[in-house]
Amino acid sequence: MPVYEYRCEQCTHQFEATQSVHARPEDTVCPQCNKVGATRMLSAFASKVKGSHKPGFEEIRAYDMLNERMDRFSKLPPAMGKRVDVTPDMMSGAGAAAPPEGTDA
Ligand SMILES: [Zn+2]
């Protein structure tokens, strides 16, 4: 089982816990103050997931924008002719064009 690093928001104690990959951070108890809900520290992503970042938010917005595009494409007159396939390039394009509003950064 993998070892996770946690930090307790209550007493800022940092500790490691060997857990199942299915274990949830919100179920993790601080060994020092027994507060439930320690923050899992992912070394590779620690700088990205801290603060109020909501996991999956970017992904959800990308899907929303994609749906919006598909909606527009579906309304194009037949003369425009071409069937549009959804590609990963469209997804990344949607992300790059996203307005900065609503971000936590
Ligand atoms: Zn604690």
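Because the structure is predicted, anything quoted here is derived from the model rather than measured.

A few points about the overall build of the protein
Argument step 1. Within the protein one finds 3 helices and 3 strands.
Argument step 2. Expressed as a percentage of the 105 residues in the protein, the buried residues total 5%.
Argument step 3. Of the contacts made within the protein by residues no fewer than 6 positions apart, 41% connect residues no fewer than 24 positions apart.

Section: the pairing of strand E2 (residues 14–18)
Argument step 1. Pairing of strand E1 (residues 3–7) with E2 involves 5 bridges; the strand directions are antiparallel. Pairing of Glu 5 across the sheet is with Glu 16, part of E2.
Argument step 2. The turn linking E1 back onto E2 is made up of 6 residues, and Thr 12 within it adopts a positive phi angle of 60°.

Observations regarding the sheet that holds E2
Argument step 1. The strand order across the open sheet formed by 3 strands is E2-E1-E3, and the pairing between neighbours is antiparallel. The open sheet terminates on both sides in strands that have one partner only, identified here as E2 and strand E3 (39–41). Neighbour-to-neighbour, the strand axes of the sheet open up by a mean angle of 40°, direction not taken into account.
Argument step 2. With 3 bridges connecting them, E1 and E3 associate as antiparallel partners. Paired with Arg 7 across the bridge in E3 is Thr 39.

Observations concerning the environment of Pro 25
Argument step 1. Topologically, Pro 25 is positioned in the loop between E2 and E3.
Argument step 2. With 15 residues separating them along the chain, Pro 25 and Arg 40 place their C-alpha atoms 5.7 Å apart.
Argument step 3. If sequence neighbours within four positions are ignored, Pro 25 has contacts with Tyr 6, Ala 38, Thr 39 and Arg 40.

Description of the environment of Asp 27
Argument step 1. Within the element layout of this structure, Asp 27 appears in the loop between E2 and E3.
Argument step 2. By the C-beta count within 10 Å, which is 10 here, Asp 27 ends up exposed.
Argument step 3. Sequence-wise, Asp 27 and Ala 38 are 11 residues apart; in three dimensions their C-alpha atoms are separated by 7.8 Å.

What counts, and at which threshold
Residues numbered from 1 in each chain as written. Predicted model: local features only at pLDDT ≥ 70, side-chain atom pairs only at ≥ 80, totals over all residues. Helix = DSSP H or I, 4+ residues; strand = E, 2+ residues; numbered from the N terminus. Buried ≥ 20, exposed ≤ 12 C-beta atoms within 10 Å, placed from the backbone. Contact = placed C-beta atoms within 7 Å. Pairing = 2+ DSSP bridges. Axes fitted to C-alpha atoms, helices over the stretch in contact; angles between N-to-C directions.

Any functional reading would require information beyond the geometric quantities listed.
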